[in-house]
Amino acid sequence: MSQPHHHTPTPTAVSAPGKVFLAGGYLVLDRGYTGLIFGLDARIHVAIEPIRTKSGVSLSEIIVRSPQFREATWEYGYRLTEAGGGIAVYGLRASHDSKQSKNPFIETTLTYALTYISTLQPDTPIAPSSISILADQAYYSNPGTPLSPTTTSPFLVFPTPLTSAHKTGLGSSAALVTSFTAALLSYYLPPSLFTLSSPSGKLILHNLAQAAHCAAQGKVGSGFDIASAVYGSCLYRRFTPSLLSALPSPGDSGFAGALAALVAGGTQWDTEIAQQKVKMPRGLRLVMCDVDCGSQTPGMVKQVLKWRAENAEDAERLWGEIQKGNDGFAEELTRLATEGEGVVEGAAGKYGKLAEILERNRVLIREMSVKSGVPIEPPQQTKLLDACKALDGVVGGVVPGAGGYDAIVLLVEDRDEVVERLRKFLDAWKGTAEEGEGVTIGKVGILGVREDMVGVRSEDPEGYKEWQAVGA
Ligand SMILES: Nc1ncnc2c1ncn2[C@@H]1O[C@H](COP(=O)(O)OP(=O)(O)O)[C@@H](O)[C@H]1O
Ligand SMILES: C[C@@](O)(CCOP(=O)(O)OP(=O)(O)O)CC(=O)O
């Protein structure tokens, strides 16, 4: 008798993009407001294949490797727990290799994805597999080298363990959790149960990746980074936090059933993701700048929310004005993108309204900064943004996401000479200590990324062979 869903896994690869949060930081934590997020052309790839066994002995084992980094192999065993607690995943060999650090994002994502898969295919054992993770260069500022002198692969080898990687803040964990989840679902499930390219497949992936990412982070954030890893550039309204906080923990009785209901219906998600409301006009692009800085301020979110709670009236007005500015910004980008070629004004006139909206938003963000006492756009970043904005071809810029000292993002005319001019200017830029600021910004570098509209996508598994062979 043939099984209804008999499926032989074949090598599979998926990638998901990083993000830059352009407008709506802090506001997006509240469902009453939205965030405007651009996906980037820096992606994290996950390739999965049947396990390569040395001895021919097949073990219940999943091996995960990040072959760009040292000491980045994690080996897991897995078994079905009782009382619907889902699939338990446990690290193997950890005690023999003290150098090996845990990777909670991988362990949690495996637990959530394998549990979901087992609820759909309760009679199909999960076959062993080997999984490789590859990240585009822009995620880390460490210097890297090609895998071999003749390789055509874009990924670089970094001579450090992952714990020493200098992250550039593009959202590596969300892109990883999303592509890792998508790879597992695509590999283990037949197309009748999961297809990445379909709207229902994307929704399943989004819901499952949100649950896994929250659990791995140990907190329920707004989820904007998972949304953009799945859907690419979008206007995002978050889900009600209790949707996820009410989920039992892995191993608890009923975890598997509750997860399945949460992921594939039975539980109503109220997330709103509008891809069509975010566009980049032809002739413009984003430039991301990484700012070297001595320290970062922890607890920024907590402090902003505390100020908001204690100053409800003032905060509501400010939040409302920022939201209006953000809506206006999205509308103007869309208008310019869809209005097409007929515009005859010079660039300054053409992008004048966009520049004005960005400036007005910065005024409001500085008000938020000053009133809450949180360095969202601190004085040194104001100086840097103002100086960049004065350059020919730069429409404007903001501090992305939560703000702080570590990055700025600029909207510029998409011409090589504009980026070159900016690069020369930033090379010579020196931050000066401002009174009351404990931090002085150092070198400002341009990251090799730009916006990209495409979210998660399948990749050709052939492209990862040389990396899968490293150390295997
Ligand atoms: N290339 C990679 N291989 C394996 N794990 C990775 C990789 N990149 C990121 N991670 C995981 O994501 C974590 C970083 O997440 P986080 O600190 O939230 O940074 P980010 O802001 O980039 O998401 C790492 O500690 C690691 O567990
Ligand atoms: C404050 C926020 O609204 C936006 C933070 O955006 P960032 O892009 O700064 O975030 P990280 O990638 O986690 O560093 C918090 C949230 O929405 O979760």
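This structure is a prediction, so every number in the text was calculated from the model and none was measured.

Q: An account of the site of ligand 1 is needed here, citing residue identities and associated values.
A: In the vicinity of ligand 1 lie 13 residues, with Ser66, Phe105, Ala135, Ser172 and Ser173 positioned nearest. Mapped by element, the contributors of at least two residues to the shell around ligand 1 are strand 6 (129-135) and helix 2 (172-188). Take the shell around ligand 1: its biggest share by element is 4 residues, from helix 2. Per-class residue counts for the shell around ligand 1 are 6 nonpolar, 6 polar and 1 charged.

Q: Let's hear about the UniProt feature "domain: GHMP kinase N-terminal" (unreviewed entry) in the protein chain: which residues, and what values?
A: In the numbering used here, UniProt assigns the "domain: GHMP kinase N-terminal" (unreviewed entry) feature to residues 166-232. Within the segment residues 166-232, helix and strand shares are 66% and 0% respectively, and the terminal C-alpha atoms sit 24 Å apart.

Q: Describe the nonpolar core, listing the residues and the values that go with them.
A: Core analysis: the biggest nonpolar cluster contains 133 residues, and Ala113, Ala183, Leu208, Ala211, Leu259 and Leu410 have the highest contact counts within it. Top contributing element to this core by residue count: helix 2, with 11 residues. The two domains that each donate at least three residues to this core are domain 1 (12-276 + 457-468) and domain 2 (281-446).

Q: I'd like to hear about unusual backbone geometry, residue by residue, with values.
A: In the Ramachandran plot, Tyr26 falls in the positive-phi region, its phi being about 70° despite a non-glycine side chain. Positionally, Tyr26 belongs in the loop between strand 1 (12-23) and strand 2 (35-50). We classify Tyr26 as buried; it has 25 C-beta atoms within 10 Å. In this structure, Glu71 is a non-glycine residue whose phi angle is positive, near 50°. Among the structural elements, Glu71 can be located in the loop between strand 3 (61-65) and strand 4 (73-80). Overall, Glu71 belongs to the partly exposed group, with 13 C-beta atoms counted inside 10 Å.

Conventions used here
- Residues numbered from 1 in each chain as written.
- Chains lettered and ligands numbered in written order.
- Predicted model: local features only at pLDDT ≥ 70, side-chain atom pairs only at ≥ 80, totals over all residues.
- Near = placed C-beta within 6 Å.
- Helix = DSSP H or I, 4+ residues; strand = E, 2+ residues; numbered from the N terminus.
- Nonpolar A, V, L, I, M, F, W, Y, C, P; charged D, E, K, R; others polar.
- UniProt positions renumbered as here; feature names shortened; annotations may be inferred.
- Core = buried A, V, L, I, M, F, W, Y, C linked by C-beta atoms within 7 Å.
- Buried ≥ 20, exposed ≤ 12 C-beta atoms within 10 Å, placed from the backbone.
- Domains from an automatic or database assignment.

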